[in-house]
Structures are given as C-alpha cells and as structure tokens.
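Chain by chain, the residues:
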Amino acid sequence: MTTPSFSSFPPSFASFPDLDPGPSRNTLDRTRNESSTDAREKDRIVKKDKNRRASKKHKTAKHEVEPVLPNQHGHTWKGVSILDDEKIKAEEDRRLAQSDVQESQWDSRPVFFSDRKGDQLNVTYGGIHAGNIPKYHIVKPGILGLDGDWAIYRRGKGIEITVGRRHKQPALTDSSVTTLLAAPPSRRIIGSGDGYKYEEVDGFLRLPCKHGQKVTEDYRSVTRQHEHADSDSQSSASDDTSGDESGTPILTSHQLSLKNLERQLAADPSSVETWLSLVRHSLSDIPVTSKNATKTRAEITLAILTRARAAHPHNRSSRILFLKYLRAGEEVWHESKTKAEWEEALKLGGIEIWMEWLEWRIRTTPGGVDTSVMDATRVLSALGSSESCEIDKLRVVWRVAVAFQQAGYYERTTALFQAQAELTFEVPQSLYGLPLELQVESLEQFWESEVPRVGEPGAKGWGDWISSGRPDDSDSPPKAVPQINVGIQSKDPYAQWHYEESHADRTSRVPARSMDTRSESDPYATVLLSDIKTLLLPLRTEGAKNTFRLIWLSVLGLHIPGLAETLSQGSWDDRWSFTHLCSFSRLDSIFPATAGQRQLIADSYAGTLIGREREFSSAFGPIKEWSRDALGPLEWIGQEKWRMWAAIDLQGIDHDFVRAVFRQLRCGSEDYEWDIYALAFEAVLNIKSALKLSRTFLSTARDSLPHWASHARLERLREHVVDARKVYQTVLLASQHPSSQPFVGQLWWDWAEMEWLSGDQNAALHVIQRSVNIEGVGGMMILRVKRSLDDTISCAHEQWKDQEGWIKLRALIELLTSSSQDGALAIFDSQPSVNQSSGPRESMMVASLILLYNHSVMLRSPTPPAVLRDRLQVAVDTYPDNSLVLGMFLEAEKGHGIWGRVRAQLGQSMADGGPREKSISRRITEVWVAGWEKGRWQNEIERTRSGLTTAAESERTTGSAILWRVILEFEIRVGELRRAKKLLYRAVNECPLAKELYMVAFGPLRSVFSARELDGFVDIMAERGIRMRKGIDEYMTGGDESGSHSEDLDGSEDEIEHEARQRRLLMPY
C-alpha cells in the first residue's frame, strides 16, 4: 500500500477535520451540507470509472504514477481512480468558486490540496526518484489548522505570522509604533469604590443561590434599591461621559505625581526633600541612554533647582541643593561661570562641598598632580585645626593619594603615608607639643638622611634616629633594585613599552634613594619631603590615628569593607577609593573564565533529550562590601569560609612591606583591633604562622579577651575544634567574668556557635546555660535561661557588639528549643536600643540572616524556604550594597529559578519616582552575577552592557576611573574591541589623570589602534602630567622604528591608491 507524501505541509494536528476511514474518503469533503442530488451524481461517476478501468489491459504513460503495488506482492489496491478523483476535485472547486453565499474566509478556501499522484516506486526503493519529484506550490500563505485570517510570510531569515493580508507588521522600532506608545492616554479607567460585587456579612460573602431561597428583605425594597443603584451608575456614567466629551485633559500617574509635588511645594517651599523628589520625578521620563540625555537632564535640573533657590532663603544655604545645582551646571555652563558658582558654593563651607570641589578640580584642571596638591592644601587650611576635623582632613589626603596612584606616581603615595606615619607614631620625645612646622622641619632632616622608613626592612623610626645621634645611612648595604623581567617577546615597540611600564607600576612602589640606579633613569622614583609636606597632618586623637592606619591598608590593596561609608555617611567616596577592583587578579575573578564559550543546555542519550544540571559558582563573589564590623576580619560564612580577605585579595601586594607596616605601627599590647587585622592578613598567607603570631601577642597580653577570641577563631579556621574548645573553657570557666564586661558576650557566642555548627545541639544548649550560670534540664530551666538572657540584653554595655552577642545567644536558644524560625527572628527585631543607628541595625540584620543561613543551608535543618527568602528579599532592598546579604540571597535562589528575583535585582530599581543610584561595588557585583551560572554569560551580555551604560551616564558614577576600567574590560572580554576603542576616548575624557585607562590602548586594544593614534595618546599623557617611567622613543630604534611606522605607511598608501582609482574613473579617456 502506498502512502501519499505530505512533507511540504506544516504539521498541525489540533484542527484536522474528522475523516471517516476508507481509501475512498482520503480527500477532505469541505461541503458536508451538499444536496442528495450531488451525492448521487458522484456515485454514478465513480461506478462508471470502475467499469472503464476493468476493460483496460495496459496503462498509459499518463497513469504511471498510479499507486498500485507490484504484482509479486500477491494483491493490488483497488481504489478510486486518480482521473475520476481529479474530476471530482475539480467539480468541488468549481462549485465553491461559483457559490455566492460564503460563511467566512475560512469556509471559502480549502484547508489543503491532496496530492493523488504519488510515485508507486517510493515504497519499493525507499525514496523519491531524482528525475520525477513532484512540485508543490503554495496556494495561499496560510497556516494549516488556523483560521484563514492568519497568514504567514517570510521576512529576512525568519517567518512572520500576520493577521489579514498585510505583508509587513509594524516593528517596535517603527515611527508609528513609537508615536503610539508615546501618545498620552485618551481615557482614564476609574475603579469602583467597592472591591467586591457582593456585600460581606459576618465575614462571608452571600452569593445568590440557584434554588431561589427566600431572602429576608422584601423584594420591593430590593427592586427599589437596584433601581436606585442603576440610576446612580447611569448618572455617574453620564457624568464621566460628559466629562470626557468636555475636552478636559486626562492626567497620567506621572503628571498626577508632579501635580501633588507642586501642591506640596506651594504649601512649604522650604522642603528640600520635596524639591529633590520633584527633580527625580521630572527626570524619570528621560532615559540616561537616550540622545542628548545628559544635557537635557542637566537643563531640567537647573530649571527646578533655580526655582528652589529663589523660593525660600533657607534653600540657598542647603548644601545638597547647591551640589545638585553645580553638578548639573557643569554640563551646561561656560567654564568661567562654573568656576564662579563653585566659589560661591565654597562660602557655605562643609566637608562635602569641599570634597566635591576637589573632585571637580582633579577632573577638569590640566595642571596634573601638582595642581591637585595645591588645591588639597587649600581645602586642608579651610577645614580648620580642630580635632573634629581630623577625619575630614584624612579624607582629603586619601583622595590626593589615590590621584597620585592613578597618575602613576606610586612612590609619592608611599612616601606620603610613610612621612605621615613617622610624624604620627615616631615623634621624638624632644619634639612633643611643638608646632607642626618645627616638627616637619626636623622630619625633613630625617628624610634626607635616607635611613629606612616605615614599611622598609630595618626601619627603626624617626624617634630612634634622633636618640641614636642622627646616624648617616651611607654605610648601609645597597638596596636591591627590582629588575623588570620581560615576559613577552614582541617586535611591536608599543606592546613592549606597555608590558614593562605596567610591570614597573606594580612592583616599584617604594621610593628610591638618591644613590640608587633607578633614580638616575627615573627622577620621579625619588621623592623629596618638600613634594608632600604640605599634606602632612597633626593627628592627635586615637580615632584619627586608627583611621589613618586603615586608610593606608586600603591604599596598599587591603580593602576594609565599610571604611569609606564610616568616614562620611552617604558620600560618594567609593568612586575613587575602591582601587583594589582594578587589579588584574580582581578583574579576572569578576569575569567568567569561559566568557567566549557557549555551554550546551541539553544532551541526547538514545535519541532522548536530557537537560544538563545547572552549575553555579560560589554565591559569595569577589566584591566584598558591608557596614563596618558587620563581619569581623576573622569571621566567615559558608562552607568555603568566605571572609574579608582571601588569597585572591592578596595577589599583587608586597607581603613583606605589609607585615612591616603591621609590626611598626602597633601601639602597645592593648591595640587589639590592629592585631586582629594583622592576624587576618597572616592567616591568609599561612595559618600556622598566624597562630605563632597570636601566641606572641598573648605572651604580652594574657588578660586580653579579644586576643583570646582571635586565637580561638584561628583554631576553628584550621578546623581544630578541640583546641578551640580548650581556649574557651580556659578563658570563660577558669575565671568568672561579669556579663557586662567587654567581649564576654562575644566569647560566649563564639563558643556556642562552634558547638552548634559542629552538629552537637545539646553541647550548644549547655554552653548557653553556662553563660548565665544556670544548670539543669527541663522546660523550667530553659525558661529561666531565657529570662536571664533577656535581663542581660537590657543591661548597659560599653560596645554594641557585646549586646549583639547576647542577642544572638537568646535567638539561638529559641531556635534550638522551639524550632521556630519566626520566634528567633522576633528576638532580633525587638531590640530598639540597637536599631537606632544604621551601622548596628545593618549588623543585626546580617546576624539574623547568618543564623537562618547556617540553620537551613549549612546544617540542612527542616526550614520553610520562604522564611529565609522573604527576609533576604527585605534585606537586599534595604541594604543593596551589602555583599553578605547578596551572597545569601543568591544561595537561597539557586533552586527557585534564579533569573526571576535575581534579574529584578540586576535591573534598574526605582526610588521616590526616579531611578535609584547604585554604588560602584553594586554595579561591579552585577557584572559578576551575570556570569554566576555557568554557561549563561553569553545570554546576559546585552543586559550587562545596558547596566554598565547606565552607570557610565549616571551622575554618581560617571567620573569613576574604576567603573570605566571595568567597562573597557567587559568589552574586551566579549570581543568588542571597536566598541571598547570608542569607549576609551570617553573614559580618558571623564578621567584625564587615570594612567591605567591610557595603558589599555597599548595593551589589550593594540590591534585596533594605529601607531599614529598611540603617539597621540603619548602626547596627551605628557601634556596632562601623567608619569611615564620610560619614553616610547627608547623603543623606536633600528628596524623596530621602521616596523612601527609601517602601519601608517600602509594606511597612507591605501588612501593614495584609492584616490588614484577614483581619478581614473573620472577621466574621460
């Protein structure tokens, strides 16, 4: 039996008509309501055809394709003749064409046309003969199984399904669609006052019954009530109709918000927050990525803030309004007007205005770092000499030090902190209490002697040098000069210069001495005290001294989470302070290793598609930022013990120099906070050496509880639980400590947490009972322990971290005894004394989340997933920059379709009518999250690019060299070198003193830059005062020079040949 071929028709089975079985019913009868006369005529024709076929002995060539099997099969198919079937079909088509009454377009056309001329040899030979292939033609661009109003057309490389006879549907980019989307609404839908159709009675909705039960009210009153309601609805509808027809403009929700804000400002024009809200709402309609968006948004902001300053005298003295006003004016005003407005703003005073002025000067002044030093000196003199201004002055010094680094003057940055450290921690006894000028004069003599300074091997300090009789350093052994190891063999002089220059910037950061060979070839390698002495500060308070040390660690590459936010709440210092994110090791960790590969999402086994398991990297990424003390240096989270510093954070850092800084800046045995940072740094390098250093600290501070707590954490870090338990027993049980003593609550919590995470809940419960001196078992004992812990929490504590330790103990016993996650969370939420300030409040939220995370993820205890996920959702919205919260959020979303809530976090969120400004750490974290799931990076490239483009246009992050470096690295990783080249010109315009941005043109983007363009970059770097250790001319010697200019020669020859061809075409002969 042969089978007709339907390979040319698209498969669709849902709408096939019901066909009766039998070989004579293969053709679809679309006219099922034919008259009996037509049926009898059809039967007569079929019978006549059968008789005629029986009389024939041979087939003609016309019927060679009749579907008859060969004789050797023993039977033949006696079906309907092909000729008569064609006649029948033609008759049907004729009747359909002549029919005047057509029900619809679907009824007027057949679903498909049958192919009755199949080749009988297809079954015999298993395929279609090459010389006798039937040709099919599309009768109508319709879709099998769908209504005739639907049509399908080819468009480009794909197909397009349309309605009706239109060959082209309007795309989203067409002008008609854009106009339609931008059109204001012509009608407004007003919801009814009642939320339900039926009235609620005693908490239930009385629904109508089908059986017609009697109701308590009289039917006449019900009828009158309905009539009254109908009349009201009709009147209201008529009112709405008349209102719509009267021509009153319909206001959108955005316009209504603006109207409400204008009404509030009319009542209170001195409200700064309302004016800022009006600015955000007005700018929300203008995307930052649209054409001329920067200038347009600046003009709108200027117009609103000009009104604000004129509306009330109080607004003219508002620093926030003035800063917004000046930032918007930079995009519109002339340089002279901008300078005059800044001078007017500086009369208000305040560290925030001075910092923004300094940032503006660094970004726009062409004088280089020397001009920045002069501007910083002006800021320091304007801030005064009070002790409360010391932290503000340290921010100014930090900003200038980062400017030194970005411009390539790494030795000057190190010299600045070395001199400040000598002036702060190594002042001779004879110079105590003297004015700063006299101290700096004596320090200059120490500096010129070129003896080892802070951080260098053999350094003893300025005070020891004075007491030793001012010895000369001429007899000291010569210092080893770091040799540049050329790791590439390239004939390109620009690539060689880039490699050696970058390598020297990473390795040569300590100032050279005048006798070193390095200073002979590079004059900037030696730093004189006169270059930096105007930036030296007299630090007297303990808080300022400690802050200076932490700032130096950050400059060295050891990031301290929350430090910049601690110095100034709500500041934008992260734009320039997060320099550790630009290191090569950090950039490699941000982007996936297989950025250019696409992972298969399914495999095929025995013809069955099996989806691959989704693979994720660690939920805790390379970006680490949270509030100060929310997670200590020796605290960790997760199975991988993710903490403040890891091995990747120490790559590219001079370990010996940092060790010397920790050792030489230690202020006695009670300087436990500095010692904890030193132990955390040493633990990353070698845990055994960290334990040895901890024993050294304990030898001089045997009664220091924070030192004992650090030592126990080191034992836990190397998974020696028994040794850590001995430490806790010795410190807490051998001698009784009052609960209000500092660090007692933290020690008890560390012990209980260790036992709990080890899997012994009874031991953890016993530790909590011992913390309040209550022994025994049973429910009554548990109640007494809880009551005692509540009393301890309510007591006064010197440090809020001690109170937090007792709160965590109280929440843990609630979790262990009642297995109620909500009850444990209620303990954290019911602490008003801790929740007053932002830092302790964020730390308390992190503590509650870590408790839930350890309970559900680490210990795998039965926990409803919604408990952790819902609290994490609130925490992520409240603290969007917290990396701890985001890491736990990603871990909780692994099995729940991560690209739902996670994608919402990566998008642009709204705050008060406008887009929420995101920090540098959050923007870069989103880049890393895009490659968190392995194999998904390629799908998230455009989304990531969109987020980075928005950040480049954002007022908060547009001037950040750190962000531009990440943007360029992103385009390089995805292979868009031409796009990266265009962005590089924007980057060096926004950040003119960032040497690392210029170096990208000579390194990763060398293939898209010509020699002439690179020479132009070198000239610009020289004009802007960017430090270059060696000139590019030193590499242009002999054959290299001719080879370097070959690109320009080839380019010029191509232009000449092109012009010659054009001239020949224009010639008349």
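What you see is a predicted model, and the numbers here were worked out from it, not measured in a lab.

What counts, and at which threshold
Residues numbered from 1 in each chain as written. Predicted model: local features only at pLDDT ≥ 70, side-chain atom pairs only at ≥ 80, totals over all residues. Heavy atoms only, no water. Helix = DSSP H or I, 4+ residues; strand = E, 2+ residues; numbered from the N terminus. Buried < 20%, exposed > 50% of the residue type's maximum accessible area, 1.4 Å probe, protein only. Areas by Shrake-Rupley, 256 points an atom, 1.4 Å probe, with all protein chains shown as cover. Phe/Tyr/Trp six-rings, centres within 6.5 Å; stacked < 30°, edge-to-face > 60°. Contact = heavy atoms within 4.5 Å. Patch = residues over 30% accessible without salt bridge, like charges linked within 9 Å, V, L, I, M, F, W, Y side chains within 5 Å. Salt bridge = Lys/Arg side-chain N within 4 Å of Asp/Glu carboxyl O. Core = buried A, V, L, I, M, F, W, Y, C linked by side-chain atoms within 4.5 Å. 1 Å grid on protein atoms, 1.4 Å probe; cavity = no way out; pocket = protein on both sides within 12 Å on 5 of 7 lines; lining within 4 Å. Points joined across faces, edges and corners; volume = space filled by probe spheres on them. Nonpolar A, V, L, I, M, F, W, Y, C, P; charged D, E, K, R; others polar. Expected span 1.5 Å × (residues − 1). Axes fitted to C-alpha atoms, helices over the stretch in contact; angles between N-to-C directions. Parallel < 35°, antiparallel > 145°, perpendicular 65-115°, else oblique. Left-handed = near helix turned anticlockwise from the far one by under 90°. pLDDT = per-residue confidence, 0-100.

Peer 1: Explain the overall build of the protein here, please?
Peer 2: If you tally the helices and strands in the protein, you get 45 helices and eight strands. Every one of the 1069 residues in the protein was classed for burial, and the buried ones make up 44%. Accessible surface for the protein amounts to roughly 57800 Å². Of this, 52% is attributable to carbon and sulfur atoms.

Peer 1: Please clarify how the packing of aromatic side chains should be interpreted in this entry.
Peer 2: Following the criterion strictly, the structure yields 30 aromatic pairs and no others. Here Trp552 and Phe657 contribute two aromatic rings whose centre-to-centre distance is 6.3 Å and whose plane-to-plane angle is 75°, an arrangement assigned as edge-to-face. Residue Trp552 is located in helix H20 (residues 542-556), and its partner Phe657 is located in helix H24 (residues 655-664); the two are separated by 105 residues in the primary sequence. A residue is classified by how much of its surface remains accessible, and Phe657, at 6% relative accessible area, is buried. Each ring, one from Tyr985 and one from Phe1009, has its centre 6.1 Å from the other, and the planes form 45°; the classification is tilted. With a gap of 24 residues between them, Tyr985 in helix H41 (residues 977-990) and Phe1009 in the loop between helix H42 (995-1002) and helix H43 (1011-1023) connect regions that are remote in the sequence. A relative accessible area of 38% means that Tyr985 is categorised as partly exposed.

Peer 1: Explain the environment of Lys460 here, please?
Peer 2: One can find Lys460 in the loop between helix H16 (436-448) and helix H17 (462-467). Judged by relative accessible area, Lys460 falls into the exposed class, the value being 63%. Separated by 204 residues in sequence, Lys460 and Gln664 have C-alpha atoms that sit 8.1 Å apart.

Peer 1: What am I meant to see in the side chain of Gln821 here?
Peer 2: Its place among the elements puts Gln821 in helix H33 (residues 821-829). Given a relative accessible area of 9%, Gln821 falls into the buried group. Look past the residues within four positions of Gln821 in its chain and what remains in contact with it is Leu815, Leu852, His855, Pro862, Thr863, Pro864 and Val867.

Peer 1: How should a nonpolar patch on the surface be read in this particular structure?
Peer 2: Nonpolar side chains collect at one region of the surface, where Trp150, Ile161 and Val163 lie side by side and expose about 280 Å² of accessible area between them. In this structure, Val163 sits in strand S2 (residues 158-163). Val163 gets classed as partly exposed once you look at its relative accessible area, which sits at 48%.

Peer 1: Got a minute to help me understand the nonpolar core in this structure?
Peer 2: Note on soluble globular proteins: their nonpolar side chains tend to be buried together. Grouped together as the largest cluster of nonpolar side chains are 198 residues, with contacts concentrated most on Trp552, Trp645 and Leu997. For Leu997, the residues in contact, after removing those within four places along its chain, are Ala961, Trp964, Arg965, Leu968, Leu984, Ala987, Val988 and Cys991. Of all hydrophobic cores here, the second largest spans 42 residues; its members include Val727, Phe743, Leu809 and Phe828.

Peer 1: How should I be thinking about unusual backbone geometry in this particular structure?
Peer 2: Only a minority of non-glycine residues have a phi that is not negative, and only a minority of peptide bonds are not trans. Even without glycine at this site, Ser819 takes up a positive phi of about 55°. Of note, Ser819 is situated in the loop between helix H32 (800-818) and H33. Classification of Ser819 by relative accessible area gives exposed; the value is 52%. Backbone geometry places Arg860, a non-glycine residue, at a positive phi of 55°.

Peer 1: What is the right way to read the pattern of salt bridges from this model?
Peer 2: Opposite charge on two side chains makes pairing possible when the charged atoms of those side chains draw close. The tally for this structure, following the rule as stated, stands at 61 salt bridges. Taking the shortest distance from any N to any O, the salt bridge between Lys337 and Glu341 comes out at 3.4 Å. Taken together, the residues span about one helical turn, with Lys337 and Glu341 both in helix H11 (residues 335-346) at a distance of four residues. Residue Asp505 is joined to Arg1029 by a salt bridge in which the shortest nitrogen-to-oxygen separation is 2.8 Å. You can see Asp505 sitting in helix H18 (residues 493-507) and its partner Arg1029 sitting in the loop between H43 and helix H44 (1039-1044), a full 524 residues away along the chain. Residue Asp505 shares its accessibility class with Arg1029, and that shared class is buried. Ionic contacts of the salt-bridge type, sharing partners, join the residues Glu411, Glu501, Asp505, Arg518, Asp522, Lys995, Arg1027 and Arg1029 into one network.

Peer 1: Is there a simple way to think about empty space enclosed by the protein in this case?
Peer 2: Regions of empty space are outlined by a rolling probe, equal in size to a water molecule, passed over the atoms. Scanning all chains against the criterion turns up nine cavities of 30 Å³ or more. Considering the residues around the largest cavity, the lining is formed by 15 residues, among which Glu359, Arg399, Gln406, Gly959 and Cys991 are closest to the centre. Elements supplying a minimum of two residues to the lining of the largest cavity: helix H12 (351-364), helix H14 (390-406) and helix H22 (574-577). The biggest single contributor to the lining of the largest cavity is H12, with three residues. Classifying every residue of the lining of the largest cavity by side-chain character gives seven nonpolar, three polar and five charged.

Peer 1: Even after reading the chapter, I still don't get H20, so can you show me in this structure?
Peer 2: An α-helix turns once per 3.6 residues; consequently, residues spaced three or four apart project the same way. Its 15 residues give H20 an end-to-end C-alpha distance of 22 Å, which sits within 8% of 21 Å, the value for a rise of 1.5 Å per residue. The element H20 is extensively covered by neighbouring structure, given that 13 of its 15 residues are classed as buried. Phi for Gly557, located one or two positions after H20, is positive at around 115°.

Peer 1: What should I look at first to understand helix H27 (residues 705-717) in this one?
Peer 2: Under the 1.5 Å per step criterion, the end-to-end length of H27 is 18 Å for 13 residues, consistent within 8% with the ideal 18 Å. Across the 13 residues that make up H27, a large majority, twelve, are buried. On its buried side, H27 packs onto helix H25 (672-685), helix H26 (687-700), helix H28 (721-733) and helix H29 (744-757). Of the residues flanking the end of H27, it is Glu719, one or two places downstream, whose phi is positive at about 65°.

Peer 1: How do you make sense of the packing of H26 against H27 when you look at a structure like this?
Peer 2: Any two packed helices are characterised by the angle at which their axes cross and by the distance between the axes. Look at H26 against H27: their axes get within 10 Å of each other, and the N-to-C directions meet at 160°. Considered as vectors, H26 and H27 are oriented roughly antiparallel to each other. Relative to H27, the crossing made by H26 is left-handed. Side by side, H26 and H27 meet where Ile687, Ala690, Leu691, Ser694, Arg695, Phe697 and Leu698 of the first sit next to His707, Trp708, His711, Leu714, Glu715 and Leu717 of the second. In the contact of H26 with H27, the residues fall into eight nonpolar, three polar and two charged.

Peer 1: How do you make sense of the packing of H24 against H25 when you look at a structure like this?
Peer 2: Axis separation between H24 and H25 bottoms out at 10 Å; the angle between their running directions is 155°. Considering the angle they form, H24 stands roughly antiparallel to H25. Seen along the crossing, H24 lies across H25 with a hand that is left-handed. Of the residues in H25, those in contact with His655, Val658, Arg659, Val661 and Phe662 of H24 are Trp674, Tyr677, Ala678, Phe681, Glu682 and Leu685.

Peer 1: Where do I start with the environment of Gly329 in this structure?
Peer 2: Tracing the chain through its elements places Gly329 in helix H10 (residues 319-329). Between the C-alpha atoms of Gly329 and Glu341, which are twelve residues apart in sequence, the distance is 8.9 Å. Residues contacting Gly329, with those up to four places away along its chain left out, are Leu302 and Thr338.

Peer 1: Whenever I open this one, the confidence of the model for the protein confuses me. Can you help?
Peer 2: As a note on interpretation, predicted positions should not be read in detail where pLDDT is low. Summary statistics for the protein give a mean pLDDT of 79 and a share of 72% for residues scoring 70 or more. Here residues 214-246 scores under 50 on pLDDT; set against residues more than four positions off or in separate chains, the count is four contacts. Below pLDDT 50 for its whole length, residues 1038-1053 participates in 16 contacts with residues either more than four positions away or in separate chains.

Peer 1: So what exactly am I meant to see when it comes to the side chain of Gln769 here?
Peer 2: Relative to the helices and strands, Gln769 is located in helix H30 (residues 761-771). For Gln769, a relative accessible area of 6% corresponds to the buried category. Excluding residues within four positions of it along the chain, Gln769 makes contact with Ile774, Glu775, Gly776, Ile782 and Val785.

Peer 1: Explanation requested: the environment of Trp360 in the structure shown.
Peer 2: If you trace the backbone, Trp360 turns up in helix H12. Residues contacting Trp360, with those up to four places away along its chain left out, are Glu330, Thr338, Lys339 and Trp342.

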